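Results of the structural survey
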Amino acid sequence: MSYKRSSLMQERMAQNRQSILKSARELIAEGGFKDAQVQAIAEKSGVSSGLVYRYFENKNQILIEVLSHAIEVEVDILNSIAQSELSSIEKLNKAVTTFVKRALNSPQLSYSLMFEPIDPTLEHERFKSKQLIKQTMKEILAEGKINGEFDFEDLNTAALCVVGAMTFVVIEPLNPSRNVMFDDGYKGHFVKQIADFCVNAVQLKEEK
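Residues numbered from 1 in each chain as written. Predicted model: local features only at pLDDT ≥ 70, side-chain atom pairs only at ≥ 80, totals over all residues. Heavy atoms only, no water.

Under an unreviewed UniProt entry, the chain has the name TetR/AcrR family transcriptional regulator and belongs to Acinetobacter shaoyimingii.

This is the structure:
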């Protein structure tokens, strides 16, 4: 009986923890990190602020977990593309297209996760996440260089340029202060331009 009670308690604790993280993510998606205060997270989760602190030391720990999980999802998607049977050019095009399109579909959340001013602890986590994205792009680029689809001088520099293009290029359309909504037609055109730019930057050019 005590084992069953302990198991139910552990399940309830896990549910509370996930509810807190889900509420924090939703608040970030609605108004950015600035709106994800402990009191607001607690109210949205239907728990007390004290209970939030039973699971997390401080607000930063909550936000770091939200950031880490979000980037984990994106990296998993990019990795699945990198490990697919597509050609290297197709992989790069699909990876950039998918990443940018997903960012544009969740503008406030994407802006906050990638660009919103935050304290050094969260910024360090953000830097680590971009390194994971870069690693996946390096794999795609390295494969393309080996099989003769790509031509570039330095792998790390090429990967940095591609990641820079697919992340920082969306600062303007994602910036919530601009309060601009983009229709699907423009989104498709915008995403295609970025993907084409990245592919053209590294694609082996045929000699004329």
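As for the UniProt feature "DNA-binding region" (unreviewed entry) in the chain
Here is the rule we go by: UniProt positions are given in the numbering used here, feature names are shortened, and annotations may be inferred rather than shown by experiment. By definition, any uninterrupted DSSP run of H or I lasting at least four residues is a helix, any uninterrupted run of E lasting at least two residues is a strand, and each is numbered from the N terminus.
Following the UniProt record, the feature "DNA-binding region" (unreviewed entry) maps to residues 37-56 here. The distance from the first to the last C-alpha atom of residues 37-56 is 13 Å, and the span holds 75% helix and 0% strand.

Points about the pattern of salt bridges
Pairing between side chains of opposite charge can happen when the charged atoms of each approach one another. Going by this rule: Each reported salt bridge corresponds to a side-chain nitrogen of Lys or Arg within 4 Å of a carboxyl oxygen of Asp or Glu. Only protein chains enter the accessibility calculation, which uses a 1.4 Å probe; a residue whose area is less than 20% of its type maximum is buried, one above 50% is exposed, and one in between is partly exposed.
The tally for this structure, following the rule as stated, stands at 10 salt bridges. Two residues, Lys44 and Glu26, come together in a salt bridge whose shortest N-O distance is 3.8 Å. With Lys44 in helix α2 (residues 38-45) and Glu26 in helix α1 (residues 2-31), this pair connects stretches of sequence that are 18 residues apart. The exposure class of Glu26 is partly exposed, given its relative accessible area of 28%. Arg102 is the salt-bridge partner of Glu74, the closest N and O atoms lying 2.8 Å from each other.

Considering the packing of aromatic side chains
The geometry of two aromatic rings is summed up by the distance between their centres and the angle between their planes. Cut-off, in case you're wondering: Ring pairs are drawn from Phe, Tyr and Trp, using the six-membered ring of Trp, whenever the two centres fall within 6.5 Å, and their geometry is named by plane angle: stacked under 30 degrees, edge-to-face over 60, tilted for the rest.
Per the counting criterion, the structure on display carries two aromatic pairs. Seen from their ring centres, Tyr111 and Phe115 are 5.9 Å apart, and the 55° between their planes marks the pair as tilted. For the pair shown, Tyr111 and Phe115 are each scored as buried. With a centroid separation of 5.6 Å and an interplanar angle of 45°, the aromatic rings of Phe115 and Phe168 are classed as tilted. Residue Phe115 is found in the loop between α6 (107-114) and α7 (120-146), and its partner Phe168 is found in helix α8 (residues 155-168); the two are separated by 53 residues along the sequence. A residue is classified by how much of its surface remains accessible, and Phe115, at 13% relative accessible area, is buried. Classification of Phe168 as partly exposed rests on a relative accessible area of 46%. What links up through ring pairs into an aromatic cluster is the set Tyr111, Phe115 and Phe168.

What about the side chain of Ser110?
Applied cut-off: Under this definition, polar contacts are N or O atom pairs within 3.5 Å; protein pairs additionally need one hydrogen-donor-capable and one acceptor-capable atom, and for neighbouring residues in sequence, both atoms have to be side-chain atoms.
Structurally, Ser110 can be placed in helix α6. Assessed through its relative accessible area of 11%, Ser110 is described here as buried. Polar contacts involving the side chain of Ser110 include one to the main-chain carbonyl oxygen of Ala103, which spans 3.1 Å.

Things to note about the layout of surface pockets
Cut-off, in case you're wondering: For cavity detection a 1 Å grid was placed over the protein atoms alone, and a set of points counts as a cavity when a 1.4 Å probe fits there but cannot get out; an open set counts as a pocket when protein lies on both sides within 12 Å along at least five of seven lines, with lining residues being those that have an atom within 4 Å of a point. Grid points are joined across faces, edges and corners, and a volume is the space filled by probe spheres set on the points. Note on residue categories: nonpolar means Ala, Val, Leu, Ile, Met, Phe, Trp, Tyr, Cys or Pro, charged means Asp, Glu, Lys or Arg, and polar means any other residue, Gly included.
Volume-wise, the largest pocket comes out at about 330 Å³. Together, 20 residues line the largest pocket, and Ala70, Glu74, Phe99, Ser110 and Leu113 are the ones closest to its centre. Of all the secondary structure elements, the ones that give two or more residues to the lining of the largest pocket are α4 (59-82), α5 (88-105), α6 and α7. Examining the composition of the lining of the largest pocket, we find that six residues originate from one element, α4, more than from any other. Taken together, the residues of the lining of the largest pocket sort by class into 10 nonpolar, five polar and five charged.

Re α2
Put simply, the rule reads: Within this analysis, the arc is defined by the directions that extend from the helix axis to the C-beta atoms.
If you check which residues of α2 are buried, you get Val38, Ile41, Ala42 and Ser45. The buried residues of α2 occupy an angular sector of 100° when the element is viewed end-on, so they sit on one face. Downstream of α2 by a residue or two, Gly46 has a phi angle that is positive, lying close to 75°.

Examining α4
Quick reminder of the rule: One less than the number of residues in a helix, times 1.5 Å, gives the span that helix is expected to have.
Here α4 is 24 residues long and its end C-alpha atoms lie 35 Å apart, about the 34 Å a rise of 1.5 Å per residue gives. Every buried residue of α4 is listed here: Asn60, Ile62, Leu63, Val66, Leu67, Ala70, Ile71, Glu74, Val75, Leu78, Ile81 and Ala82. With a side-chain oxygen positioned 3.2 Å from the backbone nitrogen of Asn60, the residue opening α4 is Asn58.

Quick word on the state of the cysteines
Let me state the cut-off plainly: By definition, disulfides here are pairs of cysteine sulfur atoms that lie within 2.5 Å.
Per the counting criterion, the structure on display carries zero disulfides. Sulfur of Cys198: no disulfide; nearest cysteine sulfur belongs to Cys161 and is 9.4 Å away. The exposure class assigned to Cys198 is buried, which follows from its relative accessible area of 2%.

With respect to the domain arrangement of the chain
Short version of the rule: Annotation comment: domain bounds sourced from an automatic or database domain assignment. Here, two residues are considered to be in contact whenever any of their heavy atoms come within 4.5 Å of each other. Simply put, the buried area is the total loss of 1.4 Å probe accessible area from both parts when two parts are fitted together.
According to the domain assignment, the chain consists of domain 1 (1-56) and domain 2 (64-201). Taken together, the contact pairs 12 residues of domain 1 with 10 residues of domain 2. A combined buried area of about 930 Å² lies between domain 1 and domain 2, and 68% of that area is made up of carbon and sulfur atoms. For the interface between domain 1 and domain 2, the tally reads one salt bridge. Glu65 serves as the salt-bridge partner of Arg17, at 2.5 Å between the closest nitrogen and oxygen. If you look at where domain 1 meets domain 2, you find three residue pairs in polar contact (both at pLDDT 80 or more). Residues belonging to the side of domain 1 that touches domain 2 are distributed by class as follows: six nonpolar, two polar and four charged.

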